[in-house]
Amino acid sequence: MKLVKLFSTQSKINMVIDYIQILILVISSISFVNCFIVFLTWNIVKSETNYSDEKISILIPARNEESKIIKCISKCLNQSERIEEIIVYDDNSDDNTFSIVKELSNSNPIIKVIKGKILPQGWSGKNHACFELSKLAKSKWLLFIDADTELLPNSIPSLMKKTQDGFTFISAWPKIQMKSFSEKLMMPLLNFVVFTFYPTLINKFSNKSSLGLAHGACILVNKDIYKEIGGHSSVKEEIFEDTLLARKWRESGYRSICINGMNIIQVRMYESLSEIWKGFEKNAFLAFKNPLNFFLFQILHIFIFNLPVILIPLTLFLYEKLFLTLISGIIILLIRLLLSIKFKHPIWSIFLHPIPEIFFTLLSFSAWIKFSFGNGITWKNRTYKKSNE
């Protein structure tokens, strides 16, 4: 009798394991199909050499960017006659950012630098800087870029070309520069997280607000519409402001698009492991509307996108019981391969996939603890709390 009960219990456990494996396989397969569509259809934007005579204001929020600002501005100047002005908002930097840009402005009249005000309560630093910059800009079109952004040749006419299709908010997803080992290992996970489920093909034909996507390194907007919807003041507390602004744009009835801009813009987001941790930690919890979505996302990545890869060696010994897990693990590595080819990531990083996944899980829970039970996250010598008080 005991043997019968034991056999029945074991059968139920095996059945549960099988169901879990099927679920993991289904979700990973859906993700693979989506990534395959991204691979085939989300092509780099066509490089335009001469599209519009309209002038553009380039607006650069900068806080402690003395090592990057000169290169950023020099790349902007290469866009030549299409730029009416380059305005840098020095957001109370602790370094020489202001003096460096001031010196550049003395030799080139289109470069302007503004000494920032004290950050008002209820604002994140970048959002306040961008909003103040928009008040000073003269042009009809505003191009917000980060201080670590590098505009490549023909970037501005290529962006402006999209306005012909009725888009008044255009963001370019950049090529992510990776130089150190830690960058090459960790940074590919950003594109993995975004494009495993983001439907780029559907987004080409839909202006649904929930599909709004943007990368803060490069956002071109129509100034009149920006003012109408409140611009960065409409997302003033948000750390995840770029995509939320794209969604508000769509909610207001205007068209936005995020293009594959790897050939017109590049950015080196972080330069060390500690910078990567701090940079992603500030967004890892606040990117979600509520804790439930946050935990569901963590469960998805732990059990769907990481565990099957970790278990691949074990599945070779328990082939019959864990065959579906083996297939799921292979599918996830194939997803990494597709994205590595698409976004020019190092191929070897695919085989170390569990490491950045674990890294991302740890920093995500660190962010949750700090925002929920601690004093918030410190970024560029400013502390942000959940309510950004």
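Below: a short report on this structure. (Residues numbered from 1 in each chain as written. Predicted model: local features only at pLDDT ≥ 70, side-chain atom pairs only at ≥ 80, totals over all residues. Heavy atoms only, no water.)

## Focus: the layout of surface pockets
Stage number 1. Reported here for the second largest pocket is a volume of approximately 250 Å³.
Stage number 2. In terms of lining, the second largest pocket is formed by 15 residues, of which the most central are Trp42, Lys162, Lys204, Ile257 and Ile259.
Stage number 3. Elements represented by at least two residues in the lining of the second largest pocket include exactly α8 (200-205) and β9 (256-260).
Stage number 4. Considering each element in turn, the lining of the second largest pocket owes the most residues, 4 residues, to β9. (1 Å grid on protein atoms, 1.4 Å probe; cavity = no way out; pocket = protein on both sides within 12 Å on 5 of 7 lines; lining within 4 Å. Points joined across faces, edges and corners; volume = space filled by probe spheres on them. Helix = DSSP H or I, 4+ residues; strand = E, 2+ residues; numbered from the N terminus.)

## A look at empty space enclosed by the protein
Stage number 1. One pass over the full model with this rule turns up 1 cavity of 30 Å³ or more.
Stage number 2. Size it by volume and the largest cavity reaches roughly 30 Å³.
Stage number 3. Around the largest cavity sit Lys126, Cys130, Phe144, Gly216, Ile219, His232 and Glu241, which together line it.
Stage number 4. For the lining of the largest cavity, a count of residues per class yields 3 nonpolar, 2 polar and 2 charged. (Nonpolar A, V, L, I, M, F, W, Y, C, P; charged D, E, K, R; others polar.)

## A few points about unusual backbone geometry
Stage number 1. A positive phi angle, close to 55°, is found at Asn92, a residue other than glycine.
Stage number 2. Looking at the element boundaries, Asn92 is found in the loop between β2 (83-90) and α3 (97-107).
Stage number 3. The phi dihedral of Lys344 is positive, around 60°, even though this residue is not glycine.

## Describing helix α4 (residues 125-136)
Stage number 1. Spanning 12 residues, α4 covers 17 Å between terminal C-alpha atoms, matching the ideal 16 Å at 1.5 Å per step.
Stage number 2. When you tally the buried positions in α4, you get 9 out of 12 residues, the bulk of the element.
Stage number 3. Of all the positions in α4, only Gly125, Asn127, His128, Ala129, Cys130, Phe131, Glu132, Leu133 and Ser134 are classed as buried.
Stage number 4. Contacts made by the buried residues of α4 are with β1 (56-62), β2, β4 (141-145), α9 (223-229), α10 (241-251) and β12 (382-384). (Expected span 1.5 Å × (residues − 1). Buried < 20%, exposed > 50% of the residue type's maximum accessible area, 1.4 Å probe, protein only. Contact = heavy atoms within 4.5 Å.)

## As for the nonpolar core
Stage number 1. Counting residues in hydrophobic clusters, the biggest one holds 53 residues, and the most contacted among them are Trp173, Met187 and Phe195.
Stage number 2. If you list the elements that add at least two residues to this core, you get α1 (2-41), α6 (181-186), α7 (188-195), α11 (273-284), α12 (291-304), α15 (323-343) and α16 (354-373).
Stage number 3. Ile60, Cys76, Val101 and Val113 belong to the second-largest nonpolar core, a separate cluster that totals 34 residues. (Core = buried A, V, L, I, M, F, W, Y, C linked by side-chain atoms within 4.5 Å.)

## As for the packing of aromatic side chains
Aromatic rings in a pair are described by how distant their centres are and how their planes are angled relative to each other.
Stage number 1. Tallied over the entire structure, the rule returns 25 aromatic pairs.
Stage number 2. Pairing Phe32 with Phe36 gives two aromatic rings, centres 6.2 Å apart and planes at 20°, and the pair type is stacked. Highlighted residues: Phe32 and Phe36, both in helix α1, separated by 4 residues, approximately one helical turn.
Stage number 3. The exposure class assigned to Phe32 is partly exposed, which follows from its relative accessible area of 25%.
Stage number 4. The partly exposed category is assigned to Phe36, whose relative accessible area is 37%.
Stage number 5. The interplanar angle of 25° and the centroid separation of 6.2 Å between the aromatic rings of Phe285 and Phe371 together place this pair among those described as stacked. In this pair, Phe285 sits in the loop between α11 and α12 while Phe371 sits in helix α16, placing the two residues 86 residues apart along the sequence. This pair shows no difference in class: Phe285 is buried, exactly as Phe371 is. (Phe/Tyr/Trp six-rings, centres within 6.5 Å; stacked < 30°, edge-to-face > 60°.)

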